[in-house]
Amino acid sequence: MRRTRTDRFTRGVRRAGAAAVGVLALAMLTAGCKVETVGAAEPTALPVEASSPPSSSSAPDDAKPGGDRASPSAIPSRAPSARPSPQPSTLMSVGDRSKRVRELQARLRQIGHFTRSPTGYYGTVTVTSVQSFQGKRGLSRTGWTDTVTWERLLAMTRQPTAKELDPPATPAAAKPDARCMKGRVLCISKNSRTLSWMIDGRVVSTMDVRFGSQYTPTREGTFSVYWKSRHHVSTLYDSPMPYAMFFSGGQAVHYSSDFAARGYNGASHGCVNVRDEGKIASLFAQVRDGDKVVVHW
């Protein structure tokens, strides 16, 4: 009887203990407690932000949760990028024909980079002269006259005089042939390579000329101007012959841009080439049909 009571008492105690444990567990769950794993490390506390700027190894402010803006000291400074220097613009180049080209040639001649009389035409001789000037001054040897080249040349030279822009023909004209001493005559000397415009034995003007090659020689003798053509173009060679004054078949005295560009490195097909356009234009205005032409040595 006593054992039965003892057993009942023991079961009652166990039930009460189990109930107490259940109540305690329920209380912990409703209180939000977290069951930690045995041996787990303590959670690391969030660092307090220092008043000094973060080191290079720490994340920048704008990378932190919350989207805080970075302080000015944390933003890397950027030096303003330098603007590229503007490219010099071309003022004169091959094929140009103008008073400015004549001034360019006269200025180059002042300092020994152009050895001929200015013609106003920008040909290969002028290109070579400009390249020589550019190379001596450490500029790009383009052969074109750009703003930098022109300004440097202006600083080193003076304004050309009228005589420098339009100097007397060189070499000096040969002694006129006896046939040139009367009347209005284009007296052309192959020996001195000059043309003298003469009126009654007086030389009005003189200019450099070029003749035909050995295969297409310029005819010698006494002729007369039978046709003038200001804007003539050769039908045989399809080449321009400005200020043409025909005196023997298809041979004429006329302006030649090739002569202005290459000088005596080339030759005509029999015509008498003039390389100074200003002089041939003036001559063309004075010569009349019927005026005499004498081609001699």
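Within each chain, residues carry numbers counting from 1 in the order of the written sequence. Local features are withheld for residues below a pLDDT of 70 in this predicted model, meaning they are given only at 70 or higher, and side-chain atom pairs are given and counted only at 80 or more; totals for whole chains, interfaces and linings count all residues. Side-chain descriptors were evaluated using all non-hydrogen atoms of the structure, hydrogens and water having been removed beforehand.

(A) Examining the overall build of the protein more closely. The helix and strand labels rest on DSSP assignments: H or I over at least four residues marks a helix, E over at least two residues marks a strand, and numbering proceeds from the N terminus. Counting its secondary structure elements, the protein contains seven helices and eleven strands. Note on classification: 1.4 Å probe, protein chains only; a residue is buried when its accessible area is under 20% of the maximum for its type, exposed when over 50%, partly exposed between these limits. Counting the 297 residues in the protein, one finds 34% classified as buried. The contact criterion used throughout is that any non-hydrogen atoms of two residues lie within 4.5 Å. Considering only intrachain contacts with a sequence separation of at least 6, the fraction spanning at least 24 residues in the protein is 55%. Working definition of accessibility: Shrake-Rupley area with a 1.4 Å probe, residue cover restricted to the visible protein chains. In the structure as shown, the protein presents an accessible area of about 18900 Å², 56% of it carried by carbon and sulfur atoms.

(B) Spotlight on the environment of Met198. Here Met198 lies in strand E4 (residues 194-199). Between the C-alpha atoms of Met198 and Cys180, which are 18 residues apart in sequence, the distance is 7.2 Å. Setting aside anything within four residues of it in sequence, one finds Met198 in contact with Pro176, Cys180, Met181, Gly183, Arg184, Val185, Cys187, Val203 and Val204.

(C) Representation of the state of the cysteines within the structure. Note that a disulfide, as used here, is simply two cysteine sulfur atoms within 2.5 Å. Applying the stated criterion to the full structure yields one disulfide. With a sulfur-sulfur separation of 2.1 Å, Cys180 is cross-linked through a disulfide to Cys187. One disulfide, between Cys180 and Cys187, carries an S-S torsion of 75° and so falls in the right-handed class. Like Cys180, the residue Cys187 is buried in the burial classification.

(D) Representation of empty space enclosed by the protein. Computed over the protein atoms alone on a 1 Å grid, cavities are sets of points where a 1.4 Å probe fits but cannot get out and pockets are open sets with protein on both sides within 12 Å along at least five of seven lines; a residue lines them when it has an atom within 4 Å of a point. Grid points are joined across faces, edges and corners, and a volume is the space filled by probe spheres set on the points. If you walk through the whole model with that rule in mind, you get one cavity of 30 Å³ or more. Approximately 90 Å³ is the volume attributed to the largest cavity. As for the largest cavity, its lining consists of eleven residues, of which Ser117, Asp208, Arg275, Asp276 and Lys279 are closest to the centre. Each residue is assigned to one of three groups, with Ala, Val, Leu, Ile, Met, Phe, Trp, Tyr, Cys and Pro labelled nonpolar, Asp, Glu, Lys and Arg labelled charged, and all others, Gly among them, labelled polar. Looking at the lining of the largest cavity, its residues break down into four nonpolar, two polar and five charged.

(E) Local environment of the sheet that holds E4. Within the open sheet, the nine strands sit side by side as E6-E11-E3-E4-E5-E10-E9-E8-E7. Their pairing is mixed. Looking along the sheet, the strands with just one partner apiece sit at the ends: strand E6 (221-224) and strand E7 (227-233). Along the sheet, successive strands turn relative to each other by an average axial angle of 30°, direction set aside. One requirement defines pairing of two strands: DSSP has to find at least two bridges between them. As judged from the five bridges shared by strand E3 (residues 184-189) and strand E11 (residues 292-296), these two strands associate in the parallel manner. Paired with Ile188 across the bridge in E11 is Val295. In the packing of helix H7 (residues 277-286) onto the sheet, the strands contacted are E3, E4, strand E5 (202-210), E7, strand E8 (240-248), strand E9 (251-255) and strand E10 (272-274), and the crossing angle to E8 comes to about 50°. Here an angle of 0 to 180 degrees is reported between the N-to-C directions of two axes, which are lines fitted to C-alpha atoms, with helices fitted over the stretch in contact.

(F) Spotlight on helix H2 (residues 99-110). A helix is expected to span 1.5 Å multiplied by its residue count minus one. Counted at 1.5 Å a residue, the expected span for H2 with its twelve residues is 16 Å, and the 17 Å between its end C-alpha atoms agrees. Within H2, the full set of buried residues consists of Val101, Arg102, Glu103, Leu104, Gln105, Ala106, Arg107 and Leu108. Contact partners of the buried residues in H2: strand E1 (90-92), helix H3 (124-136), strand E2 (145-146), helix H4 (147-156), helix H5 (162-165) and H7. The distance from a side-chain oxygen at the start of H2 to the backbone nitrogen of Arg100 is 3.4 Å, and the residue carrying that oxygen is Ser98. Pairing of N or O atoms within 3.5 Å defines a polar contact, subject to two protein rules: one partner must be a possible hydrogen donor and the other a possible acceptor, and residues neighboring in sequence count only if both atoms are side-chain atoms.

(G) Representation of the side chain of Glu103 within the structure. Summarising the element assignment, Glu103 is placed in helix H2. Assessed through its relative accessible area of 17%, Glu103 is described here as buried. Leave out the neighbours within four places in its chain, and Glu103 touches Trp150, Leu154, Gln159, Pro160 and Leu165.

(H) Just the nonpolar core, in detail. Working definition of a nonpolar core: buried Ala, Val, Leu, Ile, Met, Phe, Trp, Tyr and Cys residues. They are joined through side-chain atoms within 4.5 Å. Counting residues in each nonpolar core, the largest one holds 25 residues, and the members touching the most others are Ile188, Val253 and Leu283. Excluding residues within four positions of it along the chain, Leu283 makes contact with Leu186, Leu195, Trp197, Met207 and Met245. Counting residues in each nonpolar core, the second largest holds twelve residues, with Leu104, Leu108, Phe133 and Leu153 among its members.

(I) Region of interest: the pairing of E9. Among the five residues in E9, five count as buried, and that is most of the element. The alternating pattern of E9 places Gln251, Val253 and Tyr255 on one face and Ala252 and His254 on the opposite face, and all of these are buried. Inspection of the sheet shows E9 paired to E10 by three bridges, in the parallel sense. Looking at the pairing, Val253 lines up with Val272 of E10.

(J) Seen up close, the packing of aromatic side chains. Stacked, edge-to-face and tilted are the three classes for Phe, Tyr and Trp ring pairs, Trp counted by its six-membered ring, which pair at centre distances within 6.5 Å; planes under 30 degrees apart are stacked, over 60 edge-to-face, the rest tilted. Throughout the structure, instances matching the rule amount to five aromatic pairs. With 5.0 Å between their ring centres and 15° between their planes, Trp227 and Phe246 make a pair best called stacked. On the criterion of sequence distance, the pair formed by Trp227 in strand E7 and Phe246 in strand E8 is long-range, its members being 19 residues apart. In this scheme, Lys NZ or Arg CZ marks a charge over a ring once it lies within 6 Å of the ring centre and within 35 degrees of the ring normal. Here the basic side chain of Arg193 rests over the ring of Tyr264, its NZ or CZ set 3.6 Å away from the ring centre. Lying over the aromatic face of Phe284, Lys228 brings its terminal NZ or CZ to 4.4 Å of the ring centre.

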